[in-house]
Amino acid sequence: MHPITAAAPLSRTDMRDAFINVLYDIARADRSVVMLSNDFGAPGLDRFRAEMPEQFINAAISEQNMISTAAGMAMAGRKVVVYSIAGFLTLRALEQVKIDLCVMKTPVLLLGVGSGYAYSVDGPTHHATEDIAVMRSLANLTLFSPSEPAQAAALAPLITDLRGPHYVRLDRGRWPILGESDPGLGVRSVRAEGELALVATGIMVHRALEVAALLAGQGISARVIDLFRLKPVPVEALTGLLDGVTAVATLEEHGLCGGLGGLIAETIADAELGLPLKRFGIPDDQLYAYGERARLHAARGLDAASVAATLLDWLAGRKGGR
């Protein structure tokens, strides 16, 4: 797949609408493309539903049935996208995703919106703070976690030649474009210099850039790596971007158990890189909460100032031999 460079309007587009708008154009040209959702809305989805009603199915509040219906349609030759809140797709319908999609290697694209604390005030029922751990444990599934609208838009053409089940986790809202993105590669550098590597996924890539700026003010240069394909991990490209670093830190708006930090630890161990690793994420005892997103981040030490301060102490401790 060719890299896609964002047009200027994407910087003013919600991440989910960036994906759905490209999907809309694909579906207009290919009537085999169909979307299923469960009483869910978005501006881009409303246009899709209004103008192509024969290619849209409202499965209502029945996520498990929706996955099984999607599997059947895909087996009959349709190109199927299932759109819902990320937590509902990955937990409420987990058995159907495992059996109907993963075991059968069924080509269905699951589009989950609301990664991490995106639905912060709605509480644990709507948070997706375990989805990376859950979905990357499933065989035959490809998992993407884009960080901004252009990257999300670049993933929509996957539906034209889907091989097996895919899960794309999207945040809500508008986020700055970070440059060219190649879905086939699955990882990119958004800040190149430094012996410390900050590896992040989703919107935490933007937080990593904030942290790198704070560290630069303290004389520490950090490179920032956006890992947006979490399964299969692009090991060769990722380890290439880690070449020359002396330490790695991971940032994620996800539980520490089984998330990005664990994924990077596995990669470092399997590739025998021997790099020290510091993980920033949500501890088990702080996972279930609700409130303003910035407040939740601050309480868990995920705000830029807290991450930078912890890293400075960690790096100083390593230098001092503690």
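In what follows, the structure referred to is the one given above.
What you see is a predicted model, and the numbers here were worked out from it, not measured in a lab.

1. So, the environment of Leu185
Turning to its location among the elements, Leu185 is positioned in the loop between strand 6 (166-170) and strand 7 (187-191). Residue Leu185 is classed as partly exposed on the basis of its relative accessible area of 41%. Between the C-alpha atom of Leu185 and that of Pro234, which follows or precedes it by 49 residues, the distance is 6.8 Å. Contact partners of Leu185, with chain neighbours within four places excluded, come to Arg229, Pro234 and Ala237.

2. With respect to helix 10 (residues 260-270)
When helix 10 is considered as a whole, its buried residues turn out to be Leu260, Gly261, Gly262, Leu263, Ile264, Thr267 and Ile268. If you follow the buried residues of helix 10, they end up packed against strand 8 (196-200), strand 9 (222-227), strand 10 (229-231), helix 9 (235-241), strand 11 (247-255) and strand 12 (277-282). Taken from the residues just after helix 10, Glu272 is the one with a positive phi, measuring 55 degrees.

3. Section: the pattern of salt bridges
Here the structure, examined in full by the defined rule, presents 14 salt bridges. Here Arg28 ties to Glu51 by a salt bridge, and the two come within 3.8 Å at their closest N and O atoms. Here Arg28, found in helix 1 (residues 15-29), pairs with Glu51, found in helix 2 (residues 43-51); they are 23 residues apart in sequence, far enough to count as distant. Look at Arg28 and you get partly exposed, because its relative accessible area is 40%. Take Glu51: its relative accessible area is 40%, and that puts it in the partly exposed class. The residue Glu63 makes a salt bridge to Arg92 at a minimum N-O spacing of 3.1 Å.

Conventions adopted
Residue positions are given per chain, counted from 1 along the sequence in the order it is written. Only residues with pLDDT of at least 70 get local features here, since the model is predicted, and only at 80 or more are side-chain atom pairs given and counted; chain-wide, interface and lining totals rely on the full set of residues. As a rule here, side-chain values come from all non-hydrogen atoms in the structure, and water together with hydrogens is ignored. A run of H or I in DSSP counts as a helix once it spans at least four residues, and a run of E counts as a strand once it spans at least two, with each numbered from the N terminus. Summary of the burial criterion: residues with accessible area below 20% of their type's maximum are buried, those above 50% are exposed, and those between are partly exposed, where the area comes from a 1.4 Å probe applied to protein chains only. Two residues form a contact once any of their heavy atoms are found within 4.5 Å. The salt bridge definition used is simple: a Lys or Arg side-chain nitrogen within 4 Å of an Asp or Glu carboxyl oxygen.

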